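One letter stands for each residue in the lines below.
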Amino acid sequence: MGIFRYSDGVLPNTLAFSYAIGGYLTGFWLIMQPSLWLNLPGVLLLGHSMVIAAYLLHECAHNTVFRDNAVNARVGSLLNWIVGSSYNSYEILRRKHFRHHVDRADVVAFDFRPQLARYPRVVKLIEALEWAYIPAADLFMHAMILVVPFTLPSRRTERARVLWVLAVRASVFALIAWHAPRVLLFYPLAWMLMLHVLRFMDAFQHTFTLFDTLEQGPIANPAKYDAAFEFRNTFTNIHSVKYPWLNLFTLNFGYHNAHHEKPAEPWHRLPALHAQLYSDHCSQLLPFANLLSAYHRYRTQRLLNDDPAELDVLSDRGRTFIGVDGVSFLTGH
């Protein structure tokens, strides 16, 4: 018996982990080199390897990679460091993501939208950055990871972790930057590239109700949020129907209705599950080109937007789908 949970997952997971870790190390090496011709490919490789690492973390959270759940947790914790979200513990990320599946809602510790709306100058600044394609909303959410343990009493136990991780990451980054100062520019570019990819996928996968009850119990009125509600308010945003191999760019995460139908199904089986469930027609499928256009068109409006449940985004196939920021599974608040 091997370490992987599924026998047909040995090859795809080995390849995915090899790319994520090998690409991360190679990308870092490339952005440290004195040649811009190496730096730019390094940014792309580093950014995309972190994308794959993030989705492998998601798989570990669902215990779909390794036979032993403790191994999933250890590897997930390692991937958490690679993608730069280690200020949150792996278990906090996993708990938040499971609330998303169990409650059939976007469950957060606090909703930043009403708080942010009280400061119009800050909103204008973030919108200006978003207009320039700097993912300021997500940068703000990740920055809040450092603040939450010092503002929410329920997260007091995380204070030491935040300070320890901050010290380790800052020291290592300073050492690398001292050796190759250009890392100060190219690593943030690679990390923001990862953020763009992740939030593009997250923004259009649901019109779930948003609850700021993560630190509390399950949501009220669970009968309303049944399986039918989940299906109607979940959308499949794969990159290509004709060329399914392109969906490996985000580790098949776009097969989102299939994922919510069977959350324990591993990423490499999702295309087959999608075909089994929906055959040649998935009513919830939104064309990639339409979503890419909407991602560009509503990049500033999305900041304070909160799409209501049951919003009709199918009538125009997602062309006017604003989407939601700040629901990444890499932030535990």
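Residues numbered from 1 in each chain as written. Predicted model: local features only at pLDDT ≥ 70, side-chain atom pairs only at ≥ 80, totals over all residues. Heavy atoms only, no water.

Peer 1: Describe the overall build of the protein, naming the residues involved and giving the relevant values.
Peer 2: Of regular secondary structure, the protein possesses 13 helices and two strands. Whereas a compact globule of 333 residues would reach a radius of gyration of roughly 20 Å, the protein reaches 19 Å, a difference of no more than 12%. The 333 residues of the protein split such that 54% are buried. Across the protein, the fraction of contacts at a sequence separation of at least 24, relative to all contacts at a separation of at least 6, is 73%. When the accessible surface of the protein is summed, it comes to about 15,400 Å², and 67% of that surface belongs to carbon and sulfur atoms. For the protein, the centre of its 29 positive side-chain charges and the centre of its 25 negative side-chain charges are spaced 6 Å apart. (Helix = DSSP H or I, 4+ residues; strand = E, 2+ residues; numbered from the N terminus. Rg over C-alpha atoms; globule rule 2.2 N^0.38 Å. Buried < 20%, exposed > 50% of the residue type's maximum accessible area, 1.4 Å probe, protein only. Contact = heavy atoms within 4.5 Å. Areas by Shrake-Rupley, 256 points an atom, 1.4 Å probe, with all protein chains shown as cover. Lys, Arg positive; Asp, Glu negative; His and termini not counted. Charge placed at Lys NZ, Arg CZ, Asp CG, Glu CD.)

Peer 1: Would you mind going over the packing of aromatic side chains in detail, with residue names and values included?
Peer 2: For the structure on display, the rule yields 19 aromatic pairs. The positively charged end of Arg-94 is found above the aromatic ring belonging to Phe-98, 4.7 Å away from the centroid. Looking at Arg-269, its charged tip hangs above the ring of Tyr-6, at a distance of 4.3 Å from the centre. (Phe/Tyr/Trp six-rings, centres within 6.5 Å; stacked < 30°, edge-to-face > 60°. Lys NZ or Arg CZ within 6 Å of the ring centre and 35° of its normal.)

Peer 1: Outline the pattern of salt bridges, supporting the account with residue identities and numerical values.
Peer 2: Counting across every chain of the model gives nine salt bridges. Asp-111 serves as the salt-bridge partner of Arg-113, at 2.9 Å between the closest nitrogen and oxygen. By relative accessible area, which is 5% here, Arg-113 ends up buried. In this structure, Glu-130 engages Arg-199 in a salt bridge whose closest nitrogen and oxygen atoms are separated by 2.5 Å. Of this pair, Glu-130 sits in helix H6 (residues 120–131) while Arg-199 sits in helix H9 (residues 183–203); the two residues are 69 residues apart in sequence, bridging distant segments of the chain. For the pair shown, Glu-130 and Arg-199 are each scored as buried. (Salt bridge = Lys/Arg side-chain N within 4 Å of Asp/Glu carboxyl O.)

Peer 1: Go over the side chain of His-256, please, and point to the residues and values.
Peer 2: Inspection of the secondary structure puts His-256 in helix H11 (residues 256–261). Owing to a relative accessible area of 3%, His-256 belongs among the buried residues under this scheme. In terms of polar contacts, His-256 uses its side chain to reach the side chain of Gln-205, at 3.3 Å. At 3.4 Å, the side chain of His-256 and the backbone oxygen of Phe-253 are in polar contact. The contact partners of His-256, leaving out residues within four places of it in the chain, are Gln-205, His-206, Thr-234, Phe-235 and Thr-236. (Polar contact = N/O pair within 3.5 Å; in protein donor to acceptor, adjacent residues only side chain to side chain.)

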